[in-house]
Amino acid sequence: MDAKKVMVDVAALVDSAKFSHLQQQQMSRIGVCLSAPATVLTFICTLSPCTLAGSLDVVQVPALKAKYLAAFLYEGGFLALAKVIRGPWYELRYRFSLKGFELYDAADDDL
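Attention in this report is confined to the structure presented alongside it. (Residues numbered from 1 in each chain as written. Predicted model: local features only at pLDDT ≥ 70, side-chain atom pairs only at ≥ 80, totals over all residues. Heavy atoms only, no water.)

This part covers the packing of aromatic side chains. Applying the stated rule across the entire model yields two aromatic pairs. Consider the rings of Phe72 and Tyr90, whose centres lie 5.3 Å apart with planes at 80 degrees: the pair is edge-to-face. In this pair, Phe72 sits in strand E3 (residues 65-74) while Tyr90 sits in strand E5 (residues 89-97), placing the two residues 18 residues apart along the sequence. Here Phe72 falls in the buried class, since its relative accessible area comes to 4%. The class of Tyr90 is partly exposed, set by a relative accessible area of 22%. Aromatic pair Tyr74 and Phe78: ring centres 6.4 Å apart, planes at 55 degrees, arrangement tilted. (Phe/Tyr/Trp six-rings, centres within 6.5 Å; stacked < 30°, edge-to-face > 60°. Helix = DSSP H or I, 4+ residues; strand = E, 2+ residues; numbered from the N terminus. Buried < 20%, exposed > 50% of the residue type's maximum accessible area, 1.4 Å probe, protein only.)

It is characteristic of soluble globular proteins that their nonpolar side chains tend to be buried jointly. Formed by 14 residues in total, the largest nonpolar core has its most connected members in Ile30, Leu34, Ile44, Phe72, Tyr74, Ala80 and Leu92. Looking at this core, the elements that each hand over two or more residues are helix H2 (38-45), E3 and strand E4 (78-85). Dropping the residues within four chain positions of it, Phe72 is found in contact with Ile30, Cys50, Leu52, Ala53, Phe78, Leu79, Ala80, Ala82 and Tyr90. (Core = buried A, V, L, I, M, F, W, Y, C linked by side-chain atoms within 4.5 Å. Contact = heavy atoms within 4.5 Å.)

Sheet strands pair via backbone hydrogen bonds, and the direction of the pair is either parallel or antiparallel. An order of E1-E5-E4-E3-E2 is seen for the five strands of this open sheet, with the pairing classed as mixed. For this open sheet the edge positions go to strand E1 (34-35) and strand E2 (50-60), each flanked by a neighbour on one side alone. Judged from the eight bridges that link them, E4 and E5 form a sheet pairing that is antiparallel. Among the inter-strand pairings, Ile85 is bridged to a residue of E5, identified as Trp89. (Pairing = 2+ DSSP bridges.)

Looking now at the pattern of salt bridges. As enumerated under the stated definition, the model contains two salt bridges in all. Across the pair Lys5 and Asp9 runs a salt bridge whose closest N-O atoms are separated by 3.4 Å. Linking Lys5 with Asp9, this pair stays in helix H1 (residues 3-33), spanning four residues, or about one helical turn. Between Glu91 and Arg93 there is a salt bridge whose closest N-O contact spans 3.2 Å. On the basis of relative accessibility, which here comes to 37%, the residue Arg93 falls in the partly exposed class. (Salt bridge = Lys/Arg side-chain N within 4 Å of Asp/Glu carboxyl O.)

Rendered as structure tokens:
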């Protein structure tokens, strides 16, 4: 092996380790900021890494009332929705598996 290939391989391993470490940090931050029963928090902390975290507008149809929730999507197909409380705190409201659901892009005309 030449030195350049070895250096590239080592750099790739370091990048992979850094990415894993950042995912673990993100998971621990989410777990610390969630307010829920202890058993639920334990379950959330054992999930796979959080793939996507963001906000979600939920509209209730009869009242046309909007709720703004924090959404956490996990690699294993699990979604957690939480009410945003002051600062970086979240009150877990809904959690469910996405198995058995189909997602469609609203922009697709094939529906």
